[in-house]
Amino acid sequence: MKTTIDNLYSIQTLLPIGRRVLMLLLLSIFIVACQKDPAIEEPEDEVITLQVPKGFPYPKIPDDNQPTRNRIDLGKKIFFDPILSRDSTISCGSCHLTDKKFTDSLQFSVGIGGKLTTRNSMTILNTAYQPNMFWDGGYHRSSNKY
Ligand code: HEC
């Protein structure tokens, strides 16, 4: 009987210590996981000067979001990757089709599961020059709000 009580006592004393050790272990794993792996090198990147058609001004681009080769490549991948949609079936390119001047040429755009939206997708060409976006101008670039 005494042994059982002793065991219980020692388990109760050990439990908080075990929890602390576990927390410490998790914390060190987290810290190690967050450290930069010296073996993984950042790919070379360079800011790119966009080629704008004659007569077009150079678009205003925030200093902290200048176009680089990597950013452009990533944007292209994300644009055509359906993984961003809730059920991984629709990408930006599903509604803004490259062969339809980045529209879908439908009356109403088609969302997930064939559900119709209330508007159609306008072209996204030259949006770099637009202060407002969407059919009702509901998004203003400088406000960052809808
Ligand atoms: C289901 C179809 C659909 C998908 C998918 C979609 N869009 Fe759109 N997009 C629209 C519609 C519809 C509008 C117009 C919305 C409005 O006026 O309220 C629009 C508007 C826009 C506009 C505003 C253009 C302007 O001239 O005002 C941009 C920019 C845009 N989309 C980019 C994207 C990007 C980037 C993605 C992917 C992350 C995306 N869209 C995915 C349908 C879609």
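Every value quoted in this text rests on a predicted model; they were computed, and no experiment measured them.

1. Quick notes on the overall build of the chain
So, point 1. Helix and strand counts for the chain come out as 3 helices and 2 strands.
So, point 2. Ordered by position from N to C terminus, the α and β elements of the chain give α-α-α-β-β.
So, point 3. The buried share of the chain, reckoned over its 146 residues, is 1%.
So, point 4. Across the chain, contacts joining residues at least 24 apart in sequence account for 16% of those joining residues at least 6 apart.

2. Observations regarding the confidence of the model for the chain
So, point 1. Considering every residue of the chain, the mean pLDDT works out to 85; 81% of them sit at 70 or more.
So, point 2. When pLDDT is averaged over each helix and strand of the chain, the minimum, 65, is found for helix 1 (residues 2–34) and the maximum, 97, for helix 3 (residues 92–95).

3. Some remarks on the site of the ligand
So, point 1. Around the ligand sit 19 residues, and of these C92, C95, S121, M133 and F134 come closest.
So, point 2. Considering every element that reaches the shell around the ligand, the biggest residue donor is helix 3, with 3 residues.
So, point 3. For the shell around the ligand, a count of residues per class yields 9 nonpolar, 9 polar and 1 charged.

4. A few points about unusual backbone geometry
So, point 1. The backbone of F102 shows a phi angle near 65°, a positive value even though the residue is not glycine.
So, point 2. Tracing the chain through its elements places F102 in the loop between helix 3 and strand 1 (132–133).
So, point 3. Despite not being glycine, F134 has its phi angle at roughly 75°, a positive value.
So, point 4. By secondary structure assignment, the location of F134 is in the loop between strand 1 and strand 2 (139–140).

5. Thoughts on the environment of Y58
So, point 1. Secondary-structure assignment places Y58 in the loop between helix 1 and helix 2 (69–80).
So, point 2. Here Y58 falls in the exposed class, since 9 other C-beta atoms lie within 10 Å of it.
So, point 3. Residues Y58 and A128, 70 residues apart in the sequence, show an inter-C-alpha distance of 9.5 Å.

About the cut-offs
Residues numbered from 1 in each chain as written. Predicted model: local features only at pLDDT ≥ 70, side-chain atom pairs only at ≥ 80, totals over all residues. Helix = DSSP H or I, 4+ residues; strand = E, 2+ residues; numbered from the N terminus. Buried ≥ 20, exposed ≤ 12 C-beta atoms within 10 Å, placed from the backbone. Contact = placed C-beta atoms within 7 Å. pLDDT = per-residue confidence, 0-100. Near = placed C-beta within 6 Å. Nonpolar A, V, L, I, M, F, W, Y, C, P; charged D, E, K, R; others polar.

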